[in-house]
Amino acid sequence: MKVLGMKHKDAPDTALLHDLRKALGVQHVLTDTQAQAKYLTDWRGLCHGRALAVVLPGSTEEVAAVVSACSRAGAPIVPQGGNTGQVAGATPDHTGEAVVLVLSRMQRVRSLDVENATITVEAGCVLQHVQEAAHAAGLLFPLSLGAEGSCTIGGNLATNAGGTQVLRYGNARELALGLEVVLASGETWDGLRGLRKNNTGYDLRDLMIGSEGTLGVITAATLRLFPLPKAQCTALVAVASIGLTGAFLSRCRAGFDASLTAFELMSGACLQLVAQAFPQQRMPFTSIDAPWYVLLELSDSESASHARERFESLLGEALEDGQIIDVAIAQTLAQSKAMWHARESITLALALDGKCIKHDISLSVSAIPAFVQSTDTSLQAEFPGVRNFTFGHLGDGNLHYNVAHALGTTDADLLARQPALSGLVHDAVHALRGSISAEQGIGRQRTNDLQRYKDPVELRMMTAIKQALDPMGLMNPGVMLSPSS
Ligand code: FAD
């Protein structure tokens, strides 16, 4: 079945550009190569594309006008938010036919309903601004990730982003109650409702969330808010082996229940890399010599002293039992921030180290220790000297299993071996009934993996949905489903 865009031979690019300029104003239709440049490369600088135009609509009506014009001209549309995605889903292909539709001008908070505990924002709102707007009203928007100063709500929903608070609050899907979406037809679906219950047929909202711009353009969302915790405790804990992290997580879940808001795993190698890349950062331990670390956060709804008592008592017991070997509890907000900063700097430290091969995998929490041990060993046997930088949201069973070049070799040596290396990792994940994309999506970079590992029945259902909602195949072609699916 083909889902390729079909370019209408009688629709010259000039007519489309004319329509776009008429709808948005000349200044919001970028055709100059220099002005377009930052929108045509992915965050990691691995993937580069070309575009007929980069457009910056300022309202839902303007998005609908762009989509309608592209539909008439048969031009592909690539939605883009903050361009922080890890799988190049917001980068156009090389043909130069696409229109990149950037939502950064759509930043309005449309409403905040304290009683309903919801906020309605436009898709181009930067995640951090949504957190700040909620906080100003005495509420919490809990989605939190390293790119929160740049990524947008539209991108978060289109990728069903995860981040560090999924353990307690769920991923982006769980946080969205309603959506407004411009469909491939140019129609606007107004599903912006703050309802927690609505059983009136297929869940179209859930279909759009995680669709990576392949079914429509998200223009606004109504999001759930939560009470702000009264107190939070943060600790960095050293663990002697990955085998012990599962039991420690079970202890924390049993002891803290819903108050456990983060349980982030980092290998010692990751923290050493951060210390090396950013020597100005204060590390909680004077030497980083344990093989594994866990960044732990407790959010308490009673008081600071209640939080502290629970935290110290559980960590003390875990130390006594030998489940953990060292612990640094943040005494101040600044120390807590420094711990989080170290965790969130891993991605940047890796980027400075070179172009590592990334795997964003999901497994049952109980399967993780055996997976890491056996896959690390197999990698060394097949690709001697490669360096593992494994970290992730252990509480969600999500690992960022990153592999960097062996010392003395180059990025190019490593990248040449990517298919075999990633095949080894993903085969091991598949054998354990895990997922090859936990939170980052498929984008342009994992389409072959999706074809290889996704159940054929699931793939046929996905292709049927794509055909039904985007029959001309104009919404982000080449992303998620390969054109020949
Ligand atoms: P973009 O990168 O612009 O786009 C991503 C995809 O969504 C593309 O396919 C694009 O076409 C589509 N899209 C964007 N906006 C819309 C829209 N309005 N309508 C329809 N489709 C749209 N991700 C996590 O899940 N968890 C993490 O912990 C995490 N940590 C990160 C840390 C760092 C330092 C960095 C750089 C990235 C991290 N990411 C993480 C990845 C990234 O931040 C998320 O995928 C984020 O949700 C992307 O948002 P964005 O606005 O940048 O989207």
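How each quantity is defined
Residues numbered from 1 in each chain as written. Predicted model: local features only at pLDDT ≥ 70, side-chain atom pairs only at ≥ 80, totals over all residues. Heavy atoms only, no water. Pairing = 2+ DSSP bridges. Helix = DSSP H or I, 4+ residues; strand = E, 2+ residues; numbered from the N terminus. Axes fitted to C-alpha atoms, helices over the stretch in contact; angles between N-to-C directions. Contact = heavy atoms within 4.5 Å. Near = heavy atom within 4 Å. Polar contact = N/O pair within 3.5 Å; in protein donor to acceptor, adjacent residues only side chain to side chain. Parallel < 35°, antiparallel > 145°, perpendicular 65-115°, else oblique. Left-handed = near helix turned anticlockwise from the far one by under 90°. Core = buried A, V, L, I, M, F, W, Y, C linked by side-chain atoms within 4.5 Å. Buried < 20%, exposed > 50% of the residue type's maximum accessible area, 1.4 Å probe, protein only.

Peer 1: Would you mind showing me how to read the sheet that holds strand β9 (residues 188-191) here?
Peer 2: Either a parallel or an antiparallel arrangement is found when strands of a sheet pair, and the pairing is made through backbone hydrogen bonds. Strand order across the open sheet formed by 5 strands is β5-β6-β10-β8-β9, with antiparallel pairing between neighbours. Of all the strands in the sheet, the pair left with one neighbour each is β5 (109-113) and β9. Sheet twist, expressed as the mean angle between neighbouring strand axes with direction ignored, is 15°. Where strand β6 (residues 118-122) lies against strand β10 (residues 216-224), 5 bridges are found, and the strand directions are antiparallel. If you follow T118 over to β10, its bridge partner there is R224. Along the sheet, helix α3 (residues 60-73) contacts β5, β8 (176-183), β9 and β10; its crossing angle with β8, the most-contacted strand, is approximately 45°. Against the sheet, helix α4 (residues 127-136) touches β5, β6 and β10, its axis set at about 145° to β6.

Peer 1: Just to check I follow, could you spell out the site of the ligand for this structure?
Peer 2: Contacts to the ligand come from 35 residues, most closely from P79, G81, T84, G85 and T152. In the environment of the ligand, a nitrogen atom lies 3.4 Å from a nitrogen or oxygen atom belonging to the backbone of G163. Between the ligand and N476, the relevant distance is 3.1 Å, taken from an oxygen atom to a side-chain nitrogen or oxygen of the residue. Sorting the residues of the shell around the ligand by element identifies β3 (77-80), α5 (153-158) and β10 as the ones contributing at least two each. In terms of residue count, the dominant contributor to the shell around the ligand is α5 (4 residues).

Peer 1: Help me understand the packing of helix α14 (residues 368-382) against helix α16 (residues 418-431) in this model?
Peer 2: The packing of two helices is summarised by the inter-axis angle and the distance between the axes. Put simply, α14 and α16 touch, their axes get as near as 11 Å, and they point 155° apart. In terms of axis orientation, α14 runs roughly antiparallel to α16. Crossing handedness for the pair α14 and α16: right-handed. Counted together, F371, T375, S378, L379 and E382 of α14 and L421, L424, V425, A428 and V429 of α16 form the full contact between these two elements.

Peer 1: I tried to follow the nonpolar core on my own but got confused; where do I start?
Peer 2: Side chains that are nonpolar tend, in soluble globular proteins, to be buried together. L20, F141, I153, L157 and L223 are the most contacted members of the largest nonpolar core, which has 58 residues in total. A per-element tally of this core places α3 first, with 7 residues. Once residues within four sequence positions are removed from consideration, I153 is found in contact with V121, A123, C125, L127, V130, F141, A221 and L223. By size, the runner-up hydrophobic cluster in this structure holds 41 residues, among which are F248, F311, L363 and V403.

Peer 1: Would you mind showing me how to read the pairing of strand β18 (residues 398-404) here?
Peer 2: A regular strand carries its side chains on alternate faces of the sheet. When you tally the buried positions in β18, you get 7 out of 7 residues, the bulk of the element. Burial along β18 is two-sided: N398, H400, N402 and A404 facing one way and L399, Y401 and V403 facing the other are all buried. Inspection of the sheet shows strand β16 (residues 360-362) paired to β18 by 3 bridges, in the antiparallel sense. From the neighbouring strand, S362 faces β18, where its bridge partner is N398. Relative to β18, strand β17 (residues 387-393) runs antiparallel, the two sharing 7 bridges. Of the residues in β18, the one forming a bridge with R387 is A404. Between β17 and β18, which follow one another and run antiparallel, lie 4 residues, and G397 among them has a positive phi close to 70°.

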